[in-house]
Amino acid sequence: MTSKLDLVHARAALFDLYGDHLRSRGGQASVAALVRLMKPLDIAAPAVRTAVSRMVRQGWLRPLRLPQGAGYGLTPKCVRRLDEAALRIYRAGTLTWHGRWHLIVFEPVKERPRRERLKADLTFLGYASLSETTWIGPRSSIELDNLLEGEGVRADRFDAGLEGDPRELVARAWDLTSIGEAYESWHAEAVTLISTLPEQAPADLVFATRSRLVHGWRNFLFRDPGLPPELLPAGWPGEKARAYFEQEAARLLPAAAAFVDRELM
């Protein structure tokens, strides 16, 4: 039976590669290196090139001429997205909550494509919809200005205090039961994935395994806003899953990084 962690699409894998490895290595790589780095994930060269072209059109990557040949580097927009993601994936900073909420109110967006993009991006940034035009999050996002400007949306923003029980608000805004079940499912699949990795596995296999682990974990950025512990149910499964992710991602990093360094040469 195929696990969800086995399925990694080219565009998502490239985001993971740039965020996990290339961001700290200058944020660029040749096309040939990208193809080599995607091979352990069973992503073929045509799929890599198609995904890269799409990411260029969307403003995530920019073409470069490198000593090794044609390549692609990060745009400022992509750097902001990867830094925002790293903050939540690896707790690369302190996520604090001061008992207040970041509230965004904007005019209705009539065009469906813009509306869907706005919804997906706000969800990624940790916001939840209270109505079509009112969104709330536990903290402001460094990406918000660029997101709203890019979509041509003007919004009023508030640092708001809630009159009432914040747990009741959380229960309305986010489906914690579903998110908790997703964490339990991910954890079970991650344990199975790691258990199949041989003790002396080659670096390319370690890289592929860690990439699948990170990819599955990164998907929670689209579901879990990173609520403070005091607003979460007792025994929240996300904490157990996070502990396992952090342990295994760190353990596998040296071999995975060595593989990346080798293929970038």
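The structure this text deals with has already been given above.
Criteria and thresholds
Residues numbered from 1 in each chain as written. Predicted model: local features only at pLDDT ≥ 70, side-chain atom pairs only at ≥ 80, totals over all residues. Heavy atoms only, no water. Helix = DSSP H or I, 4+ residues; strand = E, 2+ residues; numbered from the N terminus. Rg over C-alpha atoms; globule rule 2.2 N^0.38 Å. Buried < 20%, exposed > 50% of the residue type's maximum accessible area, 1.4 Å probe, protein only. Contact = heavy atoms within 4.5 Å. Areas by Shrake-Rupley, 256 points an atom, 1.4 Å probe, with all protein chains shown as cover. Lys, Arg positive; Asp, Glu negative; His and termini not counted. Charge placed at Lys NZ, Arg CZ, Asp CG, Glu CD. Polar contact = N/O pair within 3.5 Å; in protein donor to acceptor, adjacent residues only side chain to side chain. Expected span 1.5 Å × (residues − 1). Bend = angle between axes of the 7 residues up to and from the residue. Pairing = 2+ DSSP bridges. Axes fitted to C-alpha atoms, helices over the stretch in contact; angles between N-to-C directions.

**Comments concerning the overall build of the protein**
So, step 1. When you go through the protein residue by residue, the secondary structure sums to 10 helices and 7 strands.
So, step 2. Its C-alpha atoms give the protein a radius of gyration of 19 Å, within 12% of the compact-globule value 18 Å for 265 residues.
So, step 3. Here the protein, with 265 residues, has 48% of them falling under the buried criterion.
So, step 4. Contacts in the protein between residues at least 24 apart in sequence constitute 75% of all its contacts with a sequence separation of at least 6.
So, step 5. With an accessible surface of roughly 13,700 Å², the protein has 53% of that area assigned to carbon and sulfur atoms.
So, step 6. When the 36 basic and 33 acidic side-chain charges of the protein are each reduced to a single mean position, those positions are 7 Å apart.

**Some points on the side chain of arginine 218**
So, step 1. With respect to the helices and strands, arginine 218 occurs in helix H9 (residues 203-218).
So, step 2. Taking the relative accessible area as the measure of exposure, arginine 218 reaches 11% and is therefore buried.
So, step 3. There is a polar contact of 2.3 Å between the side chain of arginine 218 and the side chain of aspartate 16.
So, step 4. Discounting chain neighbours no more than four positions away, the residues touching arginine 218 are Phe15, Asp16, Asp20, Ala85 and Ile89.

**Considering helix H10 (residues 237-264)**
So, step 1. Taking 1.5 Å of rise per residue, 28 residues should cover 40 Å, and H10 covers 38 Å from first to last C-alpha, within 8% of that figure.
So, step 2. Leucine 253 marks the point of greatest bend in H10, at about 45 degrees, and the proline proline 254 comes within the next four residues.

**Examining the sheet that holds strand E1 (residues 28-30)**
So, step 1. Spatial ordering of the open sheet is given by E1-E3-E2, a layout of 3 strands whose pairing is antiparallel. Looking at which strands have only one partner, the edges of the open sheet turn out to be E1 and strand E2 (61-66). Neighbouring strand axes in the sheet, compared pairwise and without regard to direction, differ in orientation by 30 degrees on average.
So, step 2. Helix H1 (residues 10-22) rests against E1, E2 and strand E3 (69-74) of the sheet, and its axis sits at about 120 degrees to E1.

**Considerations on the environment of glycine 226**
So, step 1. Position of glycine 226 among the secondary structure elements: in the loop between H9 and H10.
So, step 2. Exposure remark for glycine 226: the relative accessible area of 26% places this residue in the partly exposed category.
So, step 3. Remark: the alpha-carbon pair of glycine 226 and isoleucine 179, spanning 47 residues in sequence, is separated by 11 Å.
So, step 4. Residues in contact with glycine 226, not counting those within four places in the same chain, are Pro138 and Arg139.

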